[in-house]
Amino acid sequence: DARNLKAHEDLPRKADLLLLQCLDHTLIGEGVLHYLQHLRGTFVAETATLIPAAGVVKGMLVQMRTGERHGVDMALCDAYRWTKDVTAAHLRPEQFTQLSDVFDIFVFDFATATPEPQVEHMEVAIERDGIVSALVLWYDLILDDEIVVSTSPFVPEERALCYGQGVVYLQPSEVRKYVSRYVRK
């Protein structure tokens, strides 16, 4: 655990390179921002290269219906699976119906990002009629000025990062194109 490092004892000089690998399906769920806060300044030189340099958490509102399982219509159960937790998933586009455009939720510059909560209010335009039942999250990792890798469900499996996506199941709500807006506070 990098938070147990002692300056000058465990690392005799400040590092010129910091490679972050404590990532998960939400980008920050494994505590990467806490690790960064601890390491920057004390263990990492101000001019150090951080890989990845930044991350963008993206999302979209989708319809994900349970449908039929073993000959039984399970759609009525959808109303009971909502949760505030982010569930790890490896989604394919045929598993959901996209109801909103893709939108940026958070942008993290790892050279300056901190673990303090960010309160966001956003309105998301609905682009298709349906029943919003989930928020699908993924992220793009900006490794440097040229290389971006992603956990997007739209990236071919052989090119996607192994972490998959996050799904937040919502209380199902009927929406109409351009009329409804789903607001997150």
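The structure presented is a predicted model; accordingly, all values stated were derived computationally and were not measured.

Engineer: Would you mind showing me how to read the pairing of strand 10 (residues 130-142) here?
Structural biologist: Within a regular beta strand, the side chains point alternately toward one face of the sheet and then the other, so they alternate between its two faces. The element strand 10 is largely enclosed, with a buried count of eleven among its 13 residues. Examined bridge by bridge, strand 3 (residues 54-63) and strand 10 share nine bridges and lie antiparallel to one another. In the sheet register, Leu61 faces strand 10, and the bridge partner there is Leu135. Pairing analysis gives seven bridges linking strand 10 to strand 12 (residues 165-175), with the strands arranged antiparallel. Bridge assignment links Gly130 to a residue of strand 12, and that residue is Val175. Hairpin connection, strand 10 to strand 11 (residues 148-150): the antiparallel pair is bridged by five residues.

Engineer: Looking at this model, I keep getting lost on the packing of aromatic side chains. Mind explaining?
Structural biologist: The relation between two aromatic rings is expressed through the spacing of the ring centres and the mutual angle of the planes. Enumeration over the complete set of coordinates arrives at four aromatic pairs. Between the aromatic rings of Phe106 and Phe108, the centroid separation amounts to 5.9 Å while the plane-to-plane angle is 35°, which identifies the pairing as tilted. Residue classification places Phe106 among the buried residues on the basis of a relative accessible area of 18%. Look at Tyr139 and Tyr163: their rings are 6.4 Å apart centre to centre, the planes differ by 40°, and that puts the pair in the tilted class. In this pair, Tyr139 is assigned in strand 10 and Tyr163 in the loop between strand 11 and strand 12, connecting sequence segments 24 residues apart. Tyr139 gets classed as buried once you look at its relative accessible area, which sits at 0%. Taken together, the ring pairs in this structure connect Phe96, Trp138 and Phe154 into an aromatic cluster.

Engineer: It is not clear to me how the pairing of strand 1 (residues 15-19) should be interpreted in this structure. Could you clarify?
Structural biologist: Pairing geometry for strand 1 and strand 2 (residues 44-51), over four bridges, is parallel. Pairing of Ala15 across the sheet is with Val44, part of strand 2. For the crossover that starts at strand 1, traverses helix 1 (residues 32-39) and ends in the parallel strand 2, the hand is right-handed.

Engineer: I keep staring at unusual backbone geometry and nothing clicks. Help me out?
Structural biologist: Peptide bonds are, in most cases, trans, and in most cases residues other than glycine have a negative phi. Cis rather than trans, the peptide bond between Ile51 and Pro52 has omega equal to 0°. Mapped onto the elements of the fold, Pro52 is located in the loop between strand 2 and strand 3. Phi angles above zero are rare outside glycine, and Leu27 is one such case at about 80°. Tracing the backbone shows Leu27 in the loop between strand 1 and helix 1. On the basis of relative accessible area, Leu27 is assigned to the buried category, the value being 0%. The phi dihedral of His70 is positive, around 55°, even though this residue is not glycine. Mapping His70 onto the fold places it in the loop between strand 4 (68-69) and strand 5 (72-73). Accessibility expressed as a relative area gives 86% for His70, which makes it exposed.

Engineer: Where do I start with the environment of Val175 in this structure?
Structural biologist: Along the chain, Val175 falls in strand 12. Residue Val175 is classed as buried on the basis of its relative accessible area, which comes to 3%.

Engineer: Sorry if this is basic, but what is going on with the environment of Val32 here?
Structural biologist: Here Val32 is to be found in helix 1. For the pair Val32 and Thr114, spaced 82 residues apart in sequence, the C-alpha to C-alpha distance is 9.5 Å. Setting aside anything within four residues of it in sequence, one finds Val32 in contact with Leu20, Cys22, Leu23, Leu27 and Phe110.

Criteria and thresholds
- Residues numbered from 1 in each chain as written.
- Predicted model: local features only at pLDDT ≥ 70, side-chain atom pairs only at ≥ 80, totals over all residues.
- Heavy atoms only, no water.
- Buried < 20%, exposed > 50% of the residue type's maximum accessible area, 1.4 Å probe, protein only.
- Helix = DSSP H or I, 4+ residues; strand = E, 2+ residues; numbered from the N terminus.
- Pairing = 2+ DSSP bridges.
- Phe/Tyr/Trp six-rings, centres within 6.5 Å; stacked < 30°, edge-to-face > 60°.
- Right-handed = clockwise from strand over helix to strand, strands pointing away.
- Contact = heavy atoms within 4.5 Å.

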